[in-house]
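# Structural overview
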Amino acid sequence: MDEYSRFVDWDKMDVSAQSQDTKELTCTDFHELKQLARQGYWAKNHTLRAKVYHKLISNIPCRTVTPDANVYRDIVVKIIGKRSSSCLPLPEFVDNSLIPTYCLNTEGVGAVRKILLCIANQFPDISFCPALPSLIALLLHYSKDEAECFEQVCRILACNDPSKRLIDQTFLAFESSCMTFGDLVNKYCQAAHKLMVAVSEDVLEVYSDWQRWLFGELPMAYIARVFDVFLVEGYKVLYRVALALLKFFHKVRAGQPMESDSIQQDIRAFVRDIAKSVSPERLLEKAFAIRLFSRKEIQLLQMANEKALQQKGITVKQKRQNVHLAVHAENFKSEIVSVKEMRDIWSWIPERFALCQPLLLFTTLEHGCSLSRFYSHSEGHEPTLLLIKTTAKEVCGAYLSTDWSERRRGGSKLSFFGTGECFVFRLQPEVERYEWVIIKHPELALTGSGTENCAQAASSTLSSSSIPSDPSDRLSPFLAARHFNLPSKTASMFMAGSSECVIVGGGDGQALYLDADLNHGRTSHCNTFNNQPLCSESFQISVLEVWGFRD
């Protein structure tokens, strides 16, 4: 059909969707290119898409010595020899991942293995890259020969722009991306996350499949559209599309019985058959409708997850620790929550801390109702978990990202600190997690009025100056400023403490106020949000516990 058809089985391709119009791509402006990619400007012209891929990949900044087509021609015979391409072993770094054939002919299917082995020869530093077979298979559809495809894949792998992340090549990078995806699901797909927690013993294991959904299960017409945008915008696009897939899965399957014994298998099957329910255009539309964090913020979160894995010594593939192992039934005892309830809370916290075990730091039953002892037992621990049981048997709490010692920075003045990873929740009479107000309702960030009003309702001691009027000053809504040597203004405002009170708030308009004697408390509930109060407006505390996180 054209010079880029050598490896294509046109009987498998949807030829009706292909246009024969001769179009060219001349624009170089990034924003214009981004719009064209999202609109599918080159999606219906096979030759144009091949030329665009070649142009975009050729512009990727690479290491000085990057293997090219000539290198492939030199080494392929030495490496492959006379072996049949269909019998070639796979490099260990693909980890028995799927090798999708998409719309490749027999020669193309064999070429995937040949290119994989040559890449393994030229990139000995790659230790874990399960997405690579899919990447090679896709690019073969738009390559004149094996050598050209090899060169394009090598340029993607050899990208040396620190701000442009393209493909994970180590287990540490892969695993931290899975944790980052889990964090994003927790923020943006709460209904789907709730379903995962209900039907799966280990949600982390489910989310570790996210790259397989894209580079393995997603049909050719869909992954090609995703790749169009990925080459222009980078790694963040992959998170967007995976989140959209999960949202559609929940929408289509909500209320239906699982089709298999494994939610992982159900999601994989849904993605494979996605054409039955969602078009490629609708999938991308959904993906880009998600108000995702900036590339810089996601990069910081990824760094934090990598650091947590390194501290745990998890840098090579091993069986991951699930929530049931983190919260041991034999070793866990709380007067407020059951083991199951604590595991539910553990499924909400950032993935890098879900690797840890709960450690009881303070309880009013043992340490008394003293705010000073509350601080002394809690300080030095970050993050912490606050649990409260009222005399009316209501149970609520908060996940607090920042060390309580930060309260001293304000001197005698009551001021807020903390990060956007903080949240409040209710377990009794029914379970509800309240998202951080600036994250979930960015329209309120323009004035800060939502947080300010809630905080004022909780305590008349708060002044409007406690809340920053321009949340755009905060670089990361997740992470404490000192984690990355950032200016203090990047920290978010969620928790406050003094010798007279403790205030935790901001989540969906919820704020929690505790008196100095730790016997009484009250809540505020902004009417801006359609949700139930955290607990009674005024309550007496039966038991209060503070939990830390133990390696």
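Residues numbered from 1 in each chain as written. Predicted model: local features only at pLDDT ≥ 70, side-chain atom pairs only at ≥ 80, totals over all residues. Heavy atoms only, no water.

## What to know about the packing of helix 1 (residues 30-39) against helix 11 (residues 220-233)
Packed helices, taken two at a time, are described by the angle their axes make and the gap between the axes. For the record, the criterion: Axis definition: a line fit to C-alpha positions, over the contact stretch in the case of helices; interaxial angles, taken between N-to-C directions, run 0 to 180 degrees. Strands are runs of DSSP state E lasting at least 2 residues, helices are runs of H or I lasting at least 4, and numbering of each runs from the N terminus. Here the word oblique covers every angle except those under 35 degrees (roughly parallel), over 145 (roughly antiparallel) and from 65 to 115 (roughly perpendicular). Every residue pair with non-hydrogen atoms within 4.5 Å of one another is taken to be in contact. Put simply, Ala, Val, Leu, Ile, Met, Phe, Trp, Tyr, Cys and Pro go in the nonpolar bin, Asp, Glu, Lys and Arg in the charged bin, and everything else, Gly too, in the polar bin.
Put simply, helix 1 and helix 11 touch, their axes get as near as 8 Å, and they point 170 degrees apart. As far as their axial angle goes, helix 11 and helix 1 are roughly antiparallel. Of helix 11, the residues touching helix 1 (which contributes F30, L33, K34, A37, R38 and Q39) are R225, D228, V229, V232 and E233. For the contact of helix 1 with helix 11, the per-class residue count stands at five nonpolar, one polar and five charged.

## Some thoughts on the environment of I167
Checked against the element boundaries, I167 lands in the loop between helix 6 (146-157) and helix 7 (171-188). Sequence-wise, I167 and G234 are 67 residues apart; in three dimensions their C-alpha atoms are separated by 9.2 Å. With residues near it in sequence (within four places) discarded, I167 still touches C129, A131, L132, L135, I156 and L157.

## As for the side chain of E351
Checked against the element boundaries, E351 lands in helix 18 (residues 351-354). The residues contacting E351, other than those within four sequence positions of it, are M179, G182, D183, L204 and Y207.

## Details of the pattern of salt bridges
Cut-off, in case you're wondering: What counts as a salt bridge is simple: a side-chain nitrogen of Lys or Arg found within 4 Å of a carboxyl oxygen of Asp or Glu. Burial here depends on accessible area, computed with a 1.4 Å probe over protein chains only, as a share of the maximum for the residue type. Under 20% is buried, over 50% is exposed, and the range in between is partly exposed.
The full count for this structure, using the stated rule, is 21 salt bridges. Across the pair R6 and E107 runs a salt bridge whose closest N-O atoms are separated by 2.7 Å. Residue R6 is located in the segment before helix 1, and its partner E107 is located in helix 4 (residues 106-122); the two are separated by 101 residues in the primary sequence. The exposure class of R6 is partly exposed, given its relative accessible area of 41%. Exposure remark for E107: the relative accessible area of 35% places this residue in the partly exposed category. Sharing partners across several salt bridges, the network here consists of R49, R225, D228 and E281.

## A few points about the packing of helix 7 against helix 12 (residues 236-253)
So the rule is basically this: Handedness of each helix crossing follows the sense of rotation of the near helix against the far helix: counterclockwise by less than a right angle gives left-handed, clockwise gives right-handed.
The N-to-C vectors of helix 7 and helix 12 enclose an angle of 50 degrees; their axes lie 11 Å apart at closest approach. Taken together, the axes of helix 7 and helix 12 are oblique relative to one another. Considering the relative orientation of helix 7 and helix 12, their crossing is right-handed. Of the residues in helix 12, those touching helix 7 at S177, T180, F181, L184, V185 and Y188 are Y239, A242, L243, L246 and K247. Considered class by class, the residues forming the contact of helix 7 with helix 12 number eight nonpolar, two polar and one charged.

Function-wise, these values are silent; they only describe arrangement.
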